[in-house]
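Notes for the structure review
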Amino acid sequence: MNTEVFAARHIGIAEKDLPQMFETIGVENMEQLIYETIPDDIKLKKALDLPEGISEHEFLTHIQELAQKNKVFKTYIGLGYHESLTPSVIKRNILENPGWYTAYTPYQAEIAQGRLEALLNFQTMVSDLTGMEIANASLLDESTAAAEAMTMLFELRSRQQKKDETVKFFVSEEILPQTLSLLKTRAVPLGIELVVGDHETFDFSEDFYGALLQYPGKFGQVHDYADFVEKAKTNEIKVAVAADILSLVLLTPPGEWGVDVVVGTTQRFGIPLGYGGPHAAFFATKEEYKRSIPGRIIGVTKDTDGNRALRMALQTREQHIKRDKATSNICTAQVLLAVMAGMYAVYHGPKGLKYIADKVHTQTKKLAKSLESLGFEQLNSAYFDTIKVAVKNSKQLKEVAENKSINLNYVDANTVSISLNEAVSNEDLQTLISCFAESHDIKNNTGQEVEVGQVIPSALQRKAPYLEHEVFNSYHSETELMRYIKKLERKDLALNHSMISLGSCTMKLNAASEMLPLSWAHWGNIHPFVPLNQAEGYQEMLKTLEQQLNVITGFAATSLQPNSGAQGEYAGLMVIRAYHESRGEGHRNICLIPASAHGTNPASAVMAGMKVVVTKTDEKGNIDLADLAEKAKLHSENLAALMVTYPSTHGVFESSIKQITQLIHDNGGQVYMDGANMNAQVGLTNPATIGADVCHLNLHKTFSIPHGGGGPGVGPICVAEQLKPFLPTNPVVKTGGKEAITAISAAPWGSSLVCLISYGYIKMLGAEGLTNATKAAILNANYIKDRLKGKFDVLYAGERGRAAHEMIIDCRPFKVNGIEVTDIAKRLIDYGFHAPTVSFPVAGTLMIEPTESESLAELDRFCDALLSIRKEIDEASAEEPNNVLKNAPHTLEMVTNDDWQFPYSRQQAAFPLPYVAENKFWPSIRRTDEAFGDRNLICTCAPIEAYAEA
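Definitions and limits used
Residues numbered from 1 in each chain as written. Predicted model: local features only at pLDDT ≥ 70, side-chain atom pairs only at ≥ 80, totals over all residues. Heavy atoms only, no water. Phe/Tyr/Trp six-rings, centres within 6.5 Å; stacked < 30°, edge-to-face > 60°. Helix = DSSP H or I, 4+ residues; strand = E, 2+ residues; numbered from the N terminus. Buried < 20%, exposed > 50% of the residue type's maximum accessible area, 1.4 Å probe, protein only. Lys NZ or Arg CZ within 6 Å of the ring centre and 35° of its normal. Core = buried A, V, L, I, M, F, W, Y, C linked by side-chain atoms within 4.5 Å. Axes fitted to C-alpha atoms, helices over the stretch in contact; angles between N-to-C directions. Parallel < 35°, antiparallel > 145°, perpendicular 65-115°, else oblique. Contact = heavy atoms within 4.5 Å. Nonpolar A, V, L, I, M, F, W, Y, C, P; charged D, E, K, R; others polar.

If you walk through the whole model with that rule in mind, you get 30 aromatic pairs. Here Tyr579 and Phe726 contribute two aromatic rings whose centre-to-centre distance is 6.4 Å and whose plane-to-plane angle is 75°, an arrangement assigned as edge-to-face. Residue Tyr579 is located in helix α20 (residues 565–582), and its partner Phe726 is located in the loop between β22 (717–719) and α25 (752–787); the two are separated by 147 residues in the primary sequence. Each ring, one from Phe902 and one from Tyr904, has its centre 5.7 Å from the other, and the planes form 20°; the classification is stacked. Taking the relative accessible area as the measure of exposure, Tyr904 reaches 8% and is therefore buried. Members of the aromatic cluster, connected to one another through ring pairs, are Phe170, Phe202, Phe204, Phe208 and Phe228. Taking NZ or CZ as reference, Arg186 lies 5.4 Å from the ring centre of Tyr570, over its face. Above the plane of the ring of Tyr35 lies Arg800, whose end atom (NZ or CZ) is 4.4 Å from the centre.

Okay, structure coming up:
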């Protein structure tokens, strides 16, 4: 074995395993399997035009050299991004810990209580600091959260406002530039009219349904918005506030003014800048709007035994249920980052946060006083961490500052703003002051201590307590926090324990060598708006990644800006929309979507201003070509796009795909391909070859970014030549094409930091390794399919009987034994496995995707578990629900209880196969009561008495 070949570490199947697997599947070799799986007319004729893979050691050396091309300045630009200090205990035990970063979204609550508790802490922190009643479990970034607030309030218009077509939304000119750009993107397709202006002269006319304010303003001014909010309420105008979370430790929380929504980012709670992301945004609102909140909410309920349990509440997958009626296409969060931000608050507690906020504010006051003593005018009458200063020559100041490795925000020729952060020392302050003195030829006499008074008016000073719950007042030593984090980690099943075979979610190895650079300062501590010459390492990495993805997809250009798959869908459709408009065909607004498509597809299409027309699928799960042709011709005058997933959501390479894409083109439309199943394509076929025009890629699936318990995700779009001019830009740092659409996410290159992972994945695997990974994924899926043959029916297969990289097994026949698909999912926990995808895309089924990272031994353990469960199903009876499946999962408390009321042994319950005893995972709760939790919604850390009697 060549120990330097990364593919041998990433791909779990060894050469010696192949004969056994081929025999089980019934093929002679890999070539035959691929021939029987992928239609001939879409196979690539030559290998990927990418370099050979490099070793892990070579990659780490290379990425270290690349990192040195980034210049880490002391950056005071602000605009929503600030240097923060990640406590080492959080960095080591969460960010660098596969027990946290390899976990999946907590849809299976019984094996996710740790993450759920950490997210409940996050929600409590947000609710407390904002003064709002309820918060979600995070959103993608502040600008996205603000856009979600705008659209939620649009949906919540009164009946009269909807009747009167009240569509104006006021945006304060104090708003962050990237947020305004994203609001423009979202507003246009929905018919929302943005009005940007001064909140002090706003007329509160009945033409407006909502307003958005920034607190503090983009250049630091802290406004008292109480009167504004009062007048808005009187005029039936709902108000959202984008707030700096650290400032809320000292400032009156917006909730006290009676606002409707508060959004922002938690980046400065211990999350690296990372050249723009990933960071966890927050979204807090009134409880009366709970069923309209975008994204996920963690709620408290009880399990079968009446014990406290947590789970995702309310509309956690609402877009899969409501589809084109969904209010948002958001189906992800920034869980890993939200967990870190929540732990930052747990570690520091209310007193620690107060100390940090006071320090930042005091340093800012010192800076302002010192600059005033040098003759500069400070223009903000009230501020928290940002001052605005009048200067004679900002160009000269910039030159001096950059020579001292300092970045400021240069507003115009005679104005700068300076945002301080928790990492600013007294020495940093003096260096900063010296830049002003030197650039203006002023003698610097500010070495001595300066007297600072109050600059926050009494009416704006926070008086309400916050973070009073025990969790924020218990773990302030490293020992205690380390143990608390470990306690939560033990409640969760992640990839470091066993295979997670979720169809469509591609839970593959997140290699340590890909992850290590995320902790390095030269990658972590770069502000997204620094001059490009300070981020040359990032620029080289990002441009190379774009080129790599162009080669893999066969397309002409890539935008890395979308930071989730759903955001990628939306971006792709918005680019198609812009393309049609550029040709004078802006009337094209019909989007054809197969019935089998992901639920986010119709939601994204509606958000992009399109009308959804659903096309049929046949009994084999393929797109019904006749129905598609009929609808494409019927709507040919207005056809904008087809959204198609390939291989299909049913795990099949449809042989008619080129006919399908040609049909759309013949009728004037463009083809959007959902890249969720790209793990079956890389190196063997590609979206360009099948005839698509744009695709999004889930870098957190195919390209190895960890799911992080439900986020971060990255969903870049790759486009054909004709769509290249429309790729999205950013208002601060220009990106995208010549006719770029406005921003899709806040940062120019989205979640740049985690793009390092996919860059490393492609770099180390190389062309051959990438292709072999795809082959291994297809091999593993077909091996499981054939090992389960005769015991579980596979719903769909290709024309030659093969699965792609995933398959759907039908569990509906077991209803005769009283067994539902959920029972099988819960029973798998007793065998040490996370369930495959449940009831998607077909109710009553399991969608299994083993990925290429799993070994034959692990595949066999999984198959043995399912085959053992199949025997248990045969033994079950609809008349007797007291059986091992209906009672699953079995907790340690159950198995060790003196009272055992079950007609099977404790061994069968907890150790059903010999391998389980070697590595037993104990779920911390029994099945959750979803209905109870939704009836008694609690989404913050409440004392147990609050719901124990409910």
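Nonpolar side chains in soluble globular proteins generally cluster together in the buried interior. Membership of the largest hydrophobic core comes to 247 residues, with the highest contact counts inside it found for Met125, Tyr215, Met343, Ile418, Phe436 and Leu481. If you look at the next biggest cluster of nonpolar residues, it comprises 32 residues, including Ile134, Ala146, Tyr209 and Tyr289.

This next bit is on unusual backbone geometry. Omega for the bond connecting Tyr215 with Pro216 falls within 30 degrees of zero, at -10°, which places this linkage in the cis form. Tracing the chain through its elements places Pro216 in the loop between β5 (208–215) and α11 (226–234). Of note, the bond from Phe840 into Pro841 is cis; its omega dihedral lies within 30 degrees of zero at 5°. Within the secondary structure, Pro841 sits in the loop between β25 (837–838) and β26 (845–848). Phi is positive for Ser405, which is not a glycine, with a value near 60°. Take Ser405: it is sitting in the loop between α14 (394–403) and β13 (406–407). Positive phi, normally seen in glycine, also occurs at Thr506, with a value near 50°. Mapped onto the elements of the fold, Thr506 is located in the loop between α16 (478–489) and α17 (512–515).

Another aspect to go through is the packing of helix α3 (residues 30–37) against α25. Direction vectors running N to C along α3 and α25 enclose 80°, while the axes themselves pass 10 Å from each other. Here α3 lies roughly perpendicular to α25, going by the angle between them. Taken together, the residues of α25 that come into contact with α3 (itself represented by Met30, Glu31, Leu33, Ile34 and Thr37) are Lys775, Ile778, Leu779 and Asn782. In the contact of α3 with α25, the residues fall into five nonpolar, two polar and two charged.

None of the figures reported here should be taken as evidence of function without further support.
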